[in-house]
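# A closer look at the structure
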Amino acid sequence: MTVTSDVQLSWEAPAALRLADPQLADLLAAEAGRRAESVQLLAGENLTSRAVLAALTGPLVDKYAEGYPGRRHHAGCSLADAAELLAVDRAKRLFGAEHANVQPRSGTSAVLATYAALLRPGDVVLAMSLEHGGHLSCGSKANFSGRWFDFIGYGVHEQDHLVDYQQVRELARLHRPKAIIAGGISYPRHLDWRAFREIADEVDAYLIANVSQVTGLVAAGLAPSPVPYADVTVAATHKLLRGPRGGLLLCGEELAERVDRAVFPFSQGGAAMNEVAAKAVAFAQADTPEFGVYLRRAVDGARSLARELGLAGAAPLTGGTDTHLVTADVGPLGLTGLEAERRCAAAGLVLGKCALPYDPEPASVGSGIRLGTGAVAAQGMAVETMAELGGLIGRLLTAGPDPAVGARVRSIAGELARN
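Right, let's walk through the structure included here. (Residues numbered from 1 in each chain as written. Predicted model: local features only at pLDDT ≥ 70, side-chain atom pairs only at ≥ 80, totals over all residues. Heavy atoms only, no water.)

Let us now look at the sheet that holds strand β7 (residues 150-154). The strand order β5-β11-β10-β9-β8-β6-β7 describes an open sheet built from seven strands, whose pairing is mixed. Looking at strand neighbours, the two that pair on one side only are β5 (99-101) and β7, the edges of this open sheet. Across the sheet, the mean angle from the axis of one strand to that of its neighbour is 20°, orientation sign disregarded. Pairing of strand β6 (residues 124-128) with strand β8 (residues 179-182), which is carried by two bridges, proceeds in the parallel orientation. (Pairing = 2+ DSSP bridges. Helix = DSSP H or I, 4+ residues; strand = E, 2+ residues; numbered from the N terminus. Axes fitted to C-alpha atoms, helices over the stretch in contact; angles between N-to-C directions.)

Listed below in structure tokens is the structure:
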């Protein structure tokens, strides 16, 4: 199966949709046009393959398959069972895991199920703090995690923004958490899974690895796998894996039943079988040499892009990246992250603002930008062109609010997107 450049950006509403709901058909067509005319650099987004899209719209979209293969609560599930078992077997092989649950509807749903399997309300959990790049499900008071559990946040060094493993160890010894969560949403470097495992063992804590941002890199062998070290690994099937929006849980056999029961019946009802089928497609496509080629280009392009941003005066966190993800401080350019995001959006470059560790700005404004190369690499963009993108962003952010520069960059960005 091929994956690189196998994307569908042009889209026309099917006749049935156009007839039934022309208003929505116009909105969807406009969204396809927006994507085709702009450069997609959001780190958490990607473009699925045509095969994944085909599975999503296949006949399993209608199948109610509550439960697990061989133990469904509805009749007529034999073929749905076969599709789920195919997805499970492919996931286990791809990640070298003893057990896989392919039913979570999102990465956050997978996190919720993991907590339900291992924790009880009120338990202490050690995780990367939100201010330093942790996810909402790592203790935000607006999220179930911060309301049900007692989260303690670890962070990164102020000088180099690398994870402070000594702080992780000291906090673990002090608070004796029930679980330690390794992983974040804006950390561009590989994590030391062995170090996290040793700390967890020292305080008799579960180790939960959240690799939602880099699932594809782990699958391709381009990032260290947490599976041999973590009690449960939480992954996302969209983002770098290029599958449908959804979650994935990996664990050993000793936790398999607890994890499965935490997904169904505790936190979800019937699985979305069309998504499960599409995950099976994505796992198969990720298990090919072409997928590795695609992701190596994404990583090399991110490094080139980060270098160009640095030359323009922005400050890439940690000095660069090991992944597709680039997080950069635009404060040295006299900008906030929000201002940079808006200026780029107006020029057809879609990326996101973000708060940085030790950020003087509020989270709603931030001093940083966060971008990724997964989508542009999926469209076939070369490493040299991604470096050019870094230069374009740098030019845009250093030129001030100059309409002429913005128009010029938008013209170039549109040409890159169309190519």
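The next point concerns the layout of surface pockets. The space that makes up the largest pocket amounts to roughly 990 Å³. For the lining of the largest pocket, the secondary structure elements donating two or more residues are α5 (107-118) and β16 (352-354). Here the lining of the largest pocket is built from residues that sort into 13 nonpolar, 19 polar and 10 charged. Considered as a void within the structure, the second largest pocket measures approximately 780 Å³ in volume. Of all the secondary-structure elements, those providing two or more residues to the lining of the second largest pocket are α2 (22-37) and α3 (50-56). The element that contributes the greatest number of residues to the lining of the second largest pocket is α2, accounting for four residues. A breakdown of the residues in the lining of the second largest pocket according to their chemical character gives nine nonpolar, seven polar and seven charged. (1 Å grid on protein atoms, 1.4 Å probe; cavity = no way out; pocket = protein on both sides within 12 Å on 5 of 7 lines; lining within 4 Å. Points joined across faces, edges and corners; volume = space filled by probe spheres on them. Nonpolar A, V, L, I, M, F, W, Y, C, P; charged D, E, K, R; others polar.)

What follows deals with the pairing of strand β14 (residues 325-329). Of all five residues in β14, four are buried, a share of seventy percent or more. Note that strand β13 (residues 315-316) and β14 share two bridges and pair antiparallel. When the sheet's bridge partners are listed, Pro-316 is paired in β14 with Ala-328. Bridging between β14 and strand β17 (residues 368-372) involves five bridges; their strand directions are antiparallel. Its bridge partner lying in β17, Asp-329 is registered against Gly-368. (Buried < 20%, exposed > 50% of the residue type's maximum accessible area, 1.4 Å probe, protein only.)

Our next topic: the pattern of salt bridges. Note that side chains of opposite charge can pair when their charged atoms are close. With the rule as written, the count across this model stands at 15 salt bridges. Arg-173 is paired through a salt bridge with Glu-202; the nearest N and O atoms lie 2.5 Å apart. In this pair, Arg-173 sits in helix α7 (residues 165-175) while Glu-202 sits in helix α8 (residues 193-202), placing the two residues 29 residues apart along the sequence. Look at Glu-202 and you get partly exposed, because its relative accessible area is 35%. Across the pair Asp-201 and Arg-197 runs a salt bridge whose closest N-O atoms are separated by 3.0 Å. In this pair, Asp-201 and Arg-197 both sit in helix α8, four residues apart, roughly one turn of the helix. (Salt bridge = Lys/Arg side-chain N within 4 Å of Asp/Glu carboxyl O.)

This brings us to helix α13 (residues 337-346). Taken as a whole, α13 has its buried residues at Gly-337, Leu-338, Ala-340, Arg-343 and Cys-344. In the core, the buried residues of α13 are packed alongside β15 (349-350), β16, β17 and α15 (383-398). (Contact = heavy atoms within 4.5 Å.)

Under the criterion given, the structure shown has four cavities of 30 Å³ or more. The computed volume of the largest cavity comes to approximately 200 Å³. Lining the largest cavity are 19 residues, with Tyr-187, Arg-189, Leu-191, Trp-193 and Val-214 positioned closest to its centre. Looking at the lining of the largest cavity residue by residue, the class counts come to 10 nonpolar, eight polar and one charged. Quantified by volume, the second largest cavity comes out at close to 50 Å³. Lining the second largest cavity are His-132, Val-156, His-161, Ser-186, Tyr-187, Pro-188, Leu-317, Thr-318 and Pro-357. Of the residues contributing to the lining of the second largest cavity, the split by class is five nonpolar, four polar and no charged.

Inspection of the secondary structure assignment puts Thr-108 in helix α5. What makes Thr-108 partly exposed here is its relative accessible area of 28%. Taking C-alpha positions, Thr-108 is 8.9 Å from Ala-236, a pair spaced 128 residues apart along the chain. Discounting residues that sit within four places of it in the chain, Thr-108 has contacts with His-135 and Phe-144.

This part is about the sheet that holds β14. Strand pairing in a sheet relies on backbone hydrogen bonds, with the paired strands running either antiparallel or parallel. As summarised here, the arrangement of the four strands in space is β13-β14-β17-β16, forming an open sheet in which the pairing is antiparallel. Both outer strands of the open sheet, β13 and β16, are each paired with one neighbouring strand and no more. Of the strands in this sheet, β13, β14 and β17 are in contact with helix α12 (residues 289-311), which crosses β14 at around 10°.

Take helix α10 (residues 253-267) next. Here α10 spans 20 Å end to end across 15 residues, near enough to the 21 Å set by a 1.5 Å rise per residue. Of the positions making up α10, those classed as buried are Leu-255, Ala-256, Val-259, Asp-260, Ala-262, Val-263 and Phe-264. Buried positions along α10 lie against β3 (67-68), β5, α5, β10 (232-236) and β11 (247-251). (Expected span 1.5 Å × (residues − 1).)

The next subject is the side chain of His-161. Relative to the assigned elements, His-161 resides in the loop between β7 and α7. Residues within four places of His-161 in sequence aside, it is in contact with Val-156, Tyr-187, Leu-317, Thr-318 and Pro-357.

Here α15 crosses helix α16 (residues 403-418) at 160°, and the two axes come no closer than 10 Å. The angle between α15 and α16 places the two elements in the roughly antiparallel class. Where α15 crosses over α16, the two elements pack in a sense that is left-handed. Listed contacts from α16 to Thr-385, Glu-388, Leu-389, Leu-392, Arg-395 and Leu-396 of α15 are Val-405, Gly-406, Arg-408, Val-409, Ile-412 and Leu-416. (Parallel < 35°, antiparallel > 145°, perpendicular 65-115°, else oblique. Left-handed = near helix turned anticlockwise from the far one by under 90°.)

In the contact formed by α13 and α15, the axes pass within 10 Å of each other and the chain directions differ by 115°. Judged on the interaxial angle alone, α15 and α13 are roughly perpendicular. The interaxial crossing formed by α13 with α15 has right-handed handedness. Contact residues: Ala-340, Arg-343 and Cys-344 in α13; Ile-393, Leu-396 and Leu-397 in α15. The residue inventory of the contact of α13 with α15, partitioned by class, reads five nonpolar, no polar and one charged.

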